[in-house]
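Fold and geometry: a report
Given next are the chains, with one letter for each unit.
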Amino acid sequence: MTREEFVTLYSAKNMYAYAMYEERCHIGDAPRIGEALKRYGMDAVGNVIHECLEHFQMFTSAREKYSQHQHNALIWIICTQYPHMRITELHLFFVKAMAGKFGKFYDRLEPMDITAALDRWQEECIRQRAKYIEKKISEDDWKERDTYHSVWVAKQKVIKFE
């Protein structure tokens, strides 16, 4: 995937589509922020995060928005402090933030409020990943048992006919 394709695929305009499939946001194939930085560079990843922040900033009713310096610093902080978060988990974070999961953002939109919410979200992501991975392992285990059981039943039928 090229940088341009990465930026287009993970554009903020797609965040609602990603948020519809929460499990895939956590355990899907989307790159983690740190991986994306290595593969596509800070410009591409920063552009995706910039779009998400702009979208979020426009959504909130806060009268005072953060400055351009704060905006750029927030992009850098997200890239360096949350490298294990998937890009789609970041999208899901902003959708949930807009839904009020992390409280309301009154009067001023502070970068530290966003990072504090991201800290809580990162903990939630870890729990959700573990839950979905455990569920997948359990399903795979049952499929394996079911296959083993089916083979055993088939062998029993063959033995009875002989």
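The sections below set out a description of the structure shown in this document.

Calculation notes
- Residues numbered from 1 in each chain as written.
- Predicted model: local features only at pLDDT ≥ 70, side-chain atom pairs only at ≥ 80, totals over all residues.
- Heavy atoms only, no water.
- Phe/Tyr/Trp six-rings, centres within 6.5 Å; stacked < 30°, edge-to-face > 60°.
- Helix = DSSP H or I, 4+ residues; strand = E, 2+ residues; numbered from the N terminus.
- Expected span 1.5 Å × (residues − 1).
- Bend = angle between axes of the 7 residues up to and from the residue.
- Core = buried A, V, L, I, M, F, W, Y, C linked by side-chain atoms within 4.5 Å.
- Buried < 20%, exposed > 50% of the residue type's maximum accessible area, 1.4 Å probe, protein only.
- Contact = heavy atoms within 4.5 Å.
- 1 Å grid on protein atoms, 1.4 Å probe; cavity = no way out; pocket = protein on both sides within 12 Å on 5 of 7 lines; lining within 4 Å.
- Points joined across faces, edges and corners; volume = space filled by probe spheres on them.
- Nonpolar A, V, L, I, M, F, W, Y, C, P; charged D, E, K, R; others polar.
- Salt bridge = Lys/Arg side-chain N within 4 Å of Asp/Glu carboxyl O.

1. Remarks on the packing of aromatic side chains
For the structure on display, the rule yields 7 aromatic pairs. Measuring from centroid to centroid gives 5.3 Å for Phe-6 and Tyr-10, while their planes differ by 50 degrees, and the two rings are tilted. Among the aromatic residues, those joined into a ring-pair cluster are Phe-56, Phe-93, Phe-94, Phe-102 and Trp-121.

2. Comments concerning helix α4 (residues 33-59)
The first and last C-alpha atoms of α4 sit only 23 Å apart over 27 residues, clearly below the 39 Å expected at 1.5 Å per residue. Along α4, the sharpest change in direction is near 120 degrees and occurs at Gly-41.

3. Overview of the nonpolar core
Within the largest apolar cluster, 41 residues are counted, with the highest numbers of intra-cluster contacts made by Phe-6, Leu-53, Ile-78, Leu-90, Phe-93, Ile-114 and Leu-118. The element that contributes the greatest number of residues to this core is α4, accounting for 10 residues. Sequence-distant contacts of Leu-53, defined by excluding residues within four places in its chain, comprise Tyr-66, His-71, Leu-74, Ile-75, Ile-78, Phe-94 and Ile-114.

4. Focus on the layout of surface pockets
Size it by volume and the second largest pocket reaches roughly 190 Å³. What lines the second largest pocket is simply Leu-9, Tyr-10, Ala-17, Tyr-18, Tyr-21, Arg-24, Cys-25, Gly-28, Asp-29, Ala-30 and Thr-88. For the lining of the second largest pocket, the secondary structure elements donating two or more residues are α2 (15-19) and α3 (22-27). Its residues assigned to classes, the lining of the second largest pocket shows 7 nonpolar, 2 polar and 2 charged.

5. Some remarks on the pattern of salt bridges
By the definition in use, this model includes 3 salt bridges. In this structure, the salt-bridge partner of Arg-129 is Glu-89, at a minimum N-O distance of 2.8 Å. Separated by 40 residues along the polypeptide, Arg-129 in helix α7 (residues 111-161) and Glu-89 in helix α6 (residues 87-98) bring together distant segments of the chain. The residues Arg-129 and Glu-89 share a single accessibility class, namely buried. Two residues, Arg-127 and Glu-124, come together in a salt bridge whose shortest N-O distance is 2.9 Å. Placement of the pair is Arg-127 and Glu-124 together in helix α7, with a separation of 3 residues, close to one helical turn. Overall, the relative accessible area of 49% leaves Arg-127 in the partly exposed class.

Don't take any of this as a statement about function, it's just geometry.
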